[in-house]
Each structure stands twice: as C-alpha cells, then as structure tokens.
Amino acid sequence: YIRSAIAGGRPRPSAAFASYLQRMHTWSQEFGGPMRPDQVENIVDFIMNWESAAGTGAAPAAPVDAVGTDLNLELPAGDAANGELFFTGQVNGKYPCSACHSLQAGLTLVGPSLAGIATTAATRKDGLSAEQYLHESIVQPNTYIVEGAANPSQMPATFGAQMTKQELADIIAYLMTLK
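A quick note: this is a predicted structure, and the numbers were derived from the prediction, not measured.

**Observations concerning the pattern of salt bridges**
Turning to step 1, where the next piece is worked out: As enumerated under the stated definition, the model contains four salt bridges in all.
Turning to step 2, where the next piece is worked out: Close ionic contact of Glu-41 with Arg-3 constitutes a salt bridge, the shortest N to O distance being 2.7 Å. Taken together, the residues span a long stretch of sequence, with Glu-41 in helix 2 (residues 37–48) and Arg-3 in helix 1 (residues 2–8) at a distance of 38 residues.
Turning to step 3, where the next piece is worked out: By relative accessible area, which is 28% here, Glu-41 ends up partly exposed.
Turning to step 4, where the next piece is worked out: A relative accessible area of 42% places Arg-3 in the partly exposed class.
Turning to step 5, where the next piece is worked out: Between Asp-38 and Arg-36 there is a salt bridge; the shortest N-O distance is 2.9 Å.

Quick look at the structure:
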C-alpha cells in the first residue's frame, strides 16, 4: 500500500481526510513523477523502518530541539554543505526538498523552482530578509502564498515539528547560496 501510494499517488482524498482537498502527487517516474524507482523504494524503506511503531499509525516523536513555528527564534549558524545534503535527501532520507523543488530556472516539479531563491526571497515579503522569508516558508508554508502558486501550498506544514534548529539553519544556509 505504501509503495503504491508513493509511486502512483492518490487521485482523491482518503475517507479519513475528507476535508483535505488536495490529492497526493505521483512520485514515481513510472507514473509521470520525478523519482526513480530506487528513490521510491528508499522512501518506502524509510517509512517502514521509521521506528518500532511504523505502520501502526503512531506518529514519530518530535526531536527534543524541534525548531517549531516561532519565526523570532534565533537559529544557530548554518552549514551550507550540510544543508545541501538535507536538500537532496542524503541524510537518512530527511527533507528531500529536491524531490519537489528543481534548481533549474522555470522547471516546476511539485513546488516551484528554487533557482535564484536567495535573490528572490529577499523581495517576496515586505519587512522580511531572505533568511526570514525562507524560515517562514519552511515552517509555516501557508502563511504567504506566492501569486500564481498553488493555494494552499503543497509543502508539508510539519517541518517545524520535525526539524531541529540546526537542520533548518543548514537548509537556509544552503538556499542562500542559490543566487
């Protein structure tokens, strides 16, 4: 079930989430998605081995130092090289941003291209620096929807509960290299 749902997506909301209007996207290249079969298999393995409660419906525990959604929280210094590893899903499959966001200008996968995001982020929302905008976009993805983008955002709204402060700082540091 998990493999099929990831590979082929879900064409309509499940009965358990009838109020959730969006469907789950197709991820496997076999069905027109962006991921190779081995990448889909890696996600299935990750989900099935998440923890002893995997497959039981129990949610994984949030990290002790989860970043949360407080945008005034001071983050530690970020490591762009480590952030790139997170972005590409190379750290235990965590936060594979590249599955949804291309770095090629104009190429939309599920979410918008992030080519040049360090430059455009600084102009998106009055009063926010590029780093603040990226912070908000990651932990509160529906707070500001870019004109012409999907409404509401397809970005998971759970990263604040899943990411540590250091992980978020690293991802932002990497995104700030994309000028």
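**Considerations on the packing of helix 5 (residues 130–139) against helix 7 (residues 165–175)**
Turning to step 1, where the next piece is worked out: Put simply, helix 5 and helix 7 touch, their axes get as near as 10 Å, and they point 125 degrees apart. Comparing the axis directions of helix 5 and helix 7 gives the class oblique. Of the two elements, helix 5 crosses helix 7, and the hand of that crossing is right-handed. For the pair formed by helix 5 and helix 7, the contact residues are Glu-131, Leu-134, His-135, Ile-138 and Val-139 on the first element and Leu-168, Ile-171, Ile-172 and Leu-175 on the second.
Turning to step 2, where the next piece is worked out: Among the residues making up the contact of helix 5 with helix 7, the classes are represented as seven nonpolar, one polar and one charged.

Calculation criteria
- Residues numbered from 1 in each chain as written.
- Predicted model: local features only at pLDDT ≥ 70, side-chain atom pairs only at ≥ 80, totals over all residues.
- Heavy atoms only, no water.
- Salt bridge = Lys/Arg side-chain N within 4 Å of Asp/Glu carboxyl O.
- Helix = DSSP H or I, 4+ residues; strand = E, 2+ residues; numbered from the N terminus.
- Buried < 20%, exposed > 50% of the residue type's maximum accessible area, 1.4 Å probe, protein only.
- Axes fitted to C-alpha atoms, helices over the stretch in contact; angles between N-to-C directions.
- Parallel < 35°, antiparallel > 145°, perpendicular 65-115°, else oblique.
- Left-handed = near helix turned anticlockwise from the far one by under 90°.
- Contact = heavy atoms within 4.5 Å.
- Nonpolar A, V, L, I, M, F, W, Y, C, P; charged D, E, K, R; others polar.

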